[in-house]
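# Residue-level structural notes
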Amino acid sequence: MSPVALAGVPALAAKDKKPDQKKPTAASGGPKLEVLNPRGLPPPITLIPMAKRLDTLDGKTVYLVSDGFPGADAFLNQMSIWFKKNMPSVTTVYRLKAGGFADDDPKLNTEIKEKGQAVIMAIGH
Amino acid sequence: MGIPSVPLVTKAFKDLALLNAAKRGMPHERICFTPHPVWGKTAEEVRAYVDGPDPVSGKPLMKEVVDGLTVPLSDDEKKSGSVSVSIGPDTFTDTADNLQEFYLNNGYTDFLPIIIPTEEKVEAMMKATSHKPDEKVGEMAAGAYPRWSYNARQVAVNAVMAGCKPEYFPIILAIASSGVASLFSSTNSFAFAMIINGPIRDKLEFNYGIGALGPFAQPNATIGRAWTILSKNLGNGGIPGDTYLGSLGNNLNYNNVVIAEHEDASPWPPFHVQRGFKKAENVVSLFRGLGVVPGQVARGSSANENVQFDYQMSDLFSTFTGFFGALIIADPLVAARLKEQGYDTKEKLFAWLHKNTTQTVKDYKSRNYAYLFDYPRALRGDEPWASWYKMPDDAVIPHFPHVSDFNIVVAGGQTNAYPQAGNLSYGVSVSIDKWA
């Protein structure tokens, strides 16, 4: 079964097809052969419970974190402006994550845990 | 972290984001989407994106963001546990023509005809190695994805499909053991290359003479092809929109750049000896980057009795991204001329190129890759980027961060003194003999 379907995203299961879902379009003669599946072994999926949500953003500090892709900083700047105008009790803090785009930034994680209550992470392009 | 979060992703990466979240155990992650691209847009355009709808759900974007952080979790979102994943049955049965179509339709090929991997052919492949069929060979992913694992028999299936002879199999196993996929998720459309060194070049009749990089010998053609096919099947790479995002793609991905070094025609030690192997050892060395360009485009490369290949290379490399390295693929005539110029060691050449291929800090900072990849490393304190970002705009710095970013390999038929050059970084060298 598709890993996506198993993990509970049926709408996307079609993107990750089982090998027997597409049949040849034209039959042909000749003897039948037994052949081998060329696929490797995917790791099992470990489901991660999501973090408890906040009751409200009022009075909270939201970190706006860019992963460094171009445009993420400009986008998050406009989000900060939106919060000031529409939810002025929310404090926003912008940070560019250090390291490669897929790397963790332990220092920033520690800072967010100490000073923030929520994160919006922008993966630009 | 235990802190509620909402990722924002541009619409072009919808499938990638949703699929990767599911594969990493958060199938219901509250991902919000913006129009694509956000890069290069004016402040007014970006503000309109923020004020407008999520292009995937059609709902107001900021309401989705706020809801994503505040609406209580559903039972599905709180789930933990482990889910195993199947890749289907071990075997398929049908006629040869139907199987050919079946493999193609399921994305198991490079969309060229394959050799159908029957048990008999896979057994023949396995006879070329002393390793057991169920021995784990490695793990692979085509980017920041969960890594798939595979055994020797699964590698053999892919080697058969690519048209490899059994005697090529130790090379395929060595490549597979590296865990380096030749298809990578990046939007940059990466290219990959390998250098083959050692007596195996002659034993298997690799072409390293005239047309060394062309389609003129079976090992050059099929071993490179096998790397791509196994990257798809064993590493789950090359699924457009999911594990492959290269905007244009790269024609070199069909069989990669396979370079058997013309060791006897080189004035320097062969590549694998530089990497600590003995000359008699058989080794495959892997590279990753953006592609290969001809040296003839460099300034000063017209007919000349004293062509300065060092200046030509420097000129060419100044157009490369410094994020990847520079691999010179030198015809033996080019290599001989470089030695005549005084580069009796490769290290002298690399030192000259590093010193003389330069840029201003201002030009450097204006490059996309500098902001995207180097600036975050500078923030972390990594050198030389941390120092470069503290220098004035008119300071002159090397185009490539390290001398070790340069490499050279000798191949070609000596019909003319032309080099080619890859914007390619060295990755790893693997013993082929260990997999015999």
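Residues numbered from 1 in each chain as written. Chains lettered and ligands numbered in written order. Predicted model: local features only at pLDDT ≥ 70, side-chain atom pairs only at ≥ 80, totals over all residues.

### Quick word on helix α7 (residues 169-178) of chain B
Note the following rule: Counting other C-beta atoms within 10 Å of its own, a residue is labelled buried from 20 upward, exposed at 12 or fewer, and partly exposed in the gap between, with every C-beta atom placed from the backbone. A helix here means a DSSP run of H or I that spans at least four residues, while a strand means a run of E at least two residues long, and both kinds are numbered starting from the N terminus.
Counting buried positions along α7 of chain B gives 10 out of 10 residues, so the element sits mostly inside the fold. Following α7 of chain B by one or two positions, G179 of chain B has its phi on the positive side, about 75°.

### Points about the sheet that holds strand β1 (residues 5-10) of chain B
Filter applied, for reference: Here, strands pair whenever DSSP counts at least two bridges between them. Fitting a line to C-alpha atoms yields each axis, with helices limited to the stretch in contact; the angle taken between N-to-C directions then spans 0 to 180 degrees. Placing C-beta atoms from the backbone, we regard two residues as in contact once those atoms come within 7 Å.
Read from one edge of the open sheet, five strands run β4(A)-β3(A)-β5(A)-β1(B)-β2(B), paired in parallel fashion. The sheet is open, and its two edges are formed by β4 (91-96) of chain A together with β2 (32-34) of chain B, each paired on a single side. Taking each pair of neighbouring strands and ignoring which way they run, the sheet shows an average axis angle of 20°. Taken together, the five bridges between strand β3 (residues 61-66) of chain A and strand β5 (residues 118-123) of chain A define a ladder with parallel strand orientation. In the strand pairing of β5 of chain A, V62 of chain A is matched with A118 of chain A. Where helix α3 (residues 61-70) of chain B meets the sheet, its contacts fall on β5 of chain A together with β1 and β2 of chain B, and the angle it forms with β2 of chain B comes to roughly 155°.

### What to know about the domain arrangement of chain B
Residue and element names in this part refer to chain B. Operational definition: Here the bounds of each domain stem from an automatic or database domain assignment. Each residue is assigned to one of three groups, with Ala, Val, Leu, Ile, Met, Phe, Trp, Tyr, Cys and Pro labelled nonpolar, Asp, Glu, Lys and Arg labelled charged, and all others, Gly among them, labelled polar.
Per the domain assignment, the segments of chain B are domain 1 (8-78) and domain 2 (96-357 + 399-435). On a C-alpha basis, the centroid separation for the pair domain 1 and domain 2 is 38 Å. Listed as interface residues are six residues of domain 1 and, on the opposing side, five residues of domain 2. Looking at the side of domain 1 that touches domain 2, its residues break down into two nonpolar, one polar and three charged.

### Regarding the nonpolar core
We apply this condition: The term nonpolar core refers to a group of buried residues, namely Ala, Val, Leu, Ile, Met, Phe, Trp, Tyr and Cys, whose C-beta atoms join them within 7 Å.
The biggest cluster of nonpolar side chains holds 146 residues, and the ones touching the most others in it are V155, A159, I172, I259 and V284 of chain B. For this core, the domains that each give at least three residues are domain 1 (8-78) and domain 2 (96-357 + 399-435) of chain B.

### Some thoughts on unusual backbone geometry
Residues and elements named next belong to chain B. The peptide bond linking H36 to P37 adopts the cis configuration, its omega dihedral lying at -5°. Mapped onto the secondary structure, P37 falls in the loop between β2 and α2 (43-51). Positioned with a positive phi, F111 is a non-glycine residue whose angle comes to about 70°. Here F111 lies in the loop between α4 (96-105) and α5 (119-126).

### A word on the sheet that holds strand β9 (residues 283-294) of chain B
Residue and element names in this part refer to chain B. Taken in spatial order, the six strands line up as β8-β7-β9-β14-β10-β13 in an open sheet, and their pairing is mixed. Each edge of the sheet is formed by a strand with only one pairing partner; in this case those strands are β8 (257-260) and β13 (406-410). The average undirected angle you get between the axes of adjacent strands in this sheet is 35°. Of the pairings in the sheet, the one linking strand β7 (residues 191-197) to β8 comprises four bridges and is parallel in character. Its bridge partner being in β8, M194 is matched across the sheet by V258.

### Focus: the interface of chain A and chain B
Each partner contributes residues to the interface: chain A has 75 residues there, and chain B has 98 residues. If you tally residues by element for the side of chain A that touches chain B, the top one is β5 of chain A, at six residues. Considering only residue class, the side of chain A that touches chain B consists of 42 nonpolar, 19 polar and 14 charged. Direction of pairing for β5 of chain A relative to β1 of chain B: parallel, over a ladder of five bridges. When the sheet's bridge partners are listed, I123 of chain A is paired in β1 of chain B with V9 of chain B.

### Topic: the packing of helix α6 (residues 152-161) of chain B against α7 of chain B
Residues and elements named next belong to chain B. Put simply, the test is: It is the rotation of the near helix from the far one that decides the hand of a crossing: anticlockwise by less than a right angle makes it left-handed, clockwise makes it right-handed.
Direction vectors running N to C along α6 and α7 enclose 115°, while the axes themselves pass 10 Å from each other. When the axes of α6 and α7 are compared, the crossing they make is right-handed. The segment α6 lies against α7, with A152, V155, A156 and A159 engaging F169, I172, L173 and A176. Of the residues in the contact of α6 with α7, the class split is eight nonpolar, no polar and no charged.

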